[in-house]
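# Architecture and fold: a report
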Amino acid sequence: MIQKAFKWLMQPLGLAAVLIVALAVFSLVVWGIAQTQKPPEQPVPQFPHQLHVSFGVQCLYCHPGAVRGPSPGLPTVSKCWGCHQQIAKTQTSVKLAPLKAAHDSGTPLQWVPVAQVPDFVQFNHRPHVAAGLNCENCHGDLSKVDIYENPQVMNMGWCLACHKEKSAGNPELYIKLTDCGTCHY
Ligand code: HEC
Ligand code: HEC
Ligand code: HEC
Ligand code: HEC
Ligand code: HEC
């Protein structure tokens with residue numbers, strides 16, 4: 001039975017079938033990877049970072065935790081509403097309809113986190129901001145994008161590349177910043 005199937009597969013028609021199946025599997029895999037790379041749908045899908053940053057609204061106004069502790073946080077409805085209740089467009093804009101609906105019904109906006117490292121990694125914003133790094137160094141220029149996307153993968157190689165660069169010429173700091181226990185404990 002197996003031998004018979006094998007013989008059939010080795011014929012031109014069989015080989016063509018194998019090729020078609022292989023191509024189909026390949027394109028499915030590529031499509032699957034593309035799906036995981038796509039930014040997720042956000043509750044206000046047209047929230048424009050670019051526009052707010054261009055008005056001079058500070059990153060820390062909406063993400064205050066970045067200097068206070070590990071996690072910058074994402075803004076709540078009331079933070080958005082503080083400005084938007086005074087803006088006439090809020091009543092009519094299609095882009096603002098999800099915000100208005102969330103406010104009117106008292107439901108929170110469930111932003112989907114995009115900049116994230118796994119739980120077994122210790123990342124704290126504070127020492128990075130204290131060391132003089134800017135948000136752009138890790139998150140790219142938010143005055144040029146609307147909905148956030150990571151400008152690079154946030155993996156171990158990325159952390160270590162910068163830690164090595166920043167501690168070159170300082171052996172003590174190099175040891176600290178490349179020690180497994182600094183990021184995993
Ligand atoms: C008016 C409020 C506001 C301002 C100002 C603002 N952001 Fe945001 N930020 C948001 C909202 C809302 C989201 C969630 C939607 C999204 O991912 O784009 C977000 C998401 C992000 C994320 C992705 C977080 C995640 O994991 O989902 C990063 C990183 C970020 N902002 C950085 C910045 C930086 C850097 C600045 C300053 C240049 C800035 N933001 C200014 C409101 C703001
Ligand atoms: C510091 C004040 C301020 C805060 C805080 C703020 N916005 Fe805005 N936002 C504005 C202004 C001003 C505009 C421009 C309105 C206009 O074009 O008339 C705007 C525009 C927008 C628009 C585009 C509307 C359109 O039709 O073009 C969206 C969407 C939006 N904001 C969502 C949000 C969300 C969601 C939050 C909370 C995460 C937020 N904003 C926080 C001031 C603010
Ligand atoms: C050294 C690189 C680095 C710098 C500098 C940096 N971030 Fe982050 N940011 C990260 C990493 C890594 C994460 C994922 C953290 C996690 O999963 O706990 C993150 C997560 C975030 C998030 C996701 C929301 C949350 O609470 O987890 C926001 C918003 C954010 N950063 C905003 C900022 C802002 C604003 C600044 C500037 C004040 C900034 N970041 C500076 C690396 C950085
Ligand atoms: C763009 C450069 C850069 C990137 C990217 C970066 N770091 Fe850092 N990190 C620094 C600098 C600079 C310091 C502060 C060094 C000092 O103490 O002067 C630091 C400090 C730290 C500390 C505190 C060390 C201590 O005990 O004081 C931890 C933990 C850390 N980083 C984890 C991470 C992790 C995890 C990532 C990746 C998710 C990461 N960092 C990505 C530059 C970076
Ligand atoms: C500067 C921070 C940093 C240091 C130092 C560091 N790691 Fe990591 N590590 C990370 C981050 C971020 C991830 C999660 C992202 C990824 O999988 O690359 C990770 C993931 C891992 C994983 C899981 C890999 C996987 O594929 O899921 C292992 C195992 C690991 N690290 C071991 C180590 C060991 C051993 C050391 C010391 C030689 C070390 N790490 C030092 C940041 C760090």
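Described below are features of the structure shown in this document. (Residues numbered from 1 in each chain as written. Chains lettered and ligands numbered in written order. Predicted model: local features only at pLDDT ≥ 70, side-chain atom pairs only at ≥ 80, totals over all residues. Heavy atoms only, no water.)

### What about helix 10 (residues 156-167)?
- When the terminal C-alpha atoms of helix 10 are compared, their 16 Å separation across 12 residues agrees well with the 16 Å that a helix rising 1.5 Å per residue should span.
- Remark: Gly169 follows helix 10 within two positions and exhibits a positive phi of approximately 85°. (Helix = DSSP H or I, 4+ residues; strand = E, 2+ residues; numbered from the N terminus. Expected span 1.5 Å × (residues − 1).)

### A closer look at the coordination of the iron atom of ligand 2
- Those donors, His52 (NE2) and His84 (NE2), are the protein atoms that reach the iron atom of ligand 2, and they lie 1.9 to 2.0 Å from it.
- Coordination at the iron atom of ligand 2 is octahedral, judged from the 6 donor atoms that bind it and the angles of 86 to 180° they form at the metal. Of this pair, His52 sits in helix 3 (residues 49-54) while His84 sits in helix 6 (residues 77-84), placing them 32 residues apart in sequence.
- Classification of His52 as partly exposed rests on a relative accessible area of 21%. (Donors = N, O, S within 2.8 Å, 3.2 Å for Na, K, Ca; no water. Tetrahedral: all angles 85-135°; square planar, octahedral: opposite > 155°, others 65-115°. Buried < 20%, exposed > 50% of the residue type's maximum accessible area, 1.4 Å probe, protein only.)

### What about the pattern of salt bridges?
- Scanning the model with the defined rule gives 2 salt bridges in all.
- Here Asp141 ties to Lys144 by a salt bridge, and the two come within 2.9 Å at their closest N and O atoms.
- The exposure class assigned to Lys144 is exposed, which follows from its relative accessible area of 60%. (Salt bridge = Lys/Arg side-chain N within 4 Å of Asp/Glu carboxyl O.)

The values are spatial; any link to function lies outside them.
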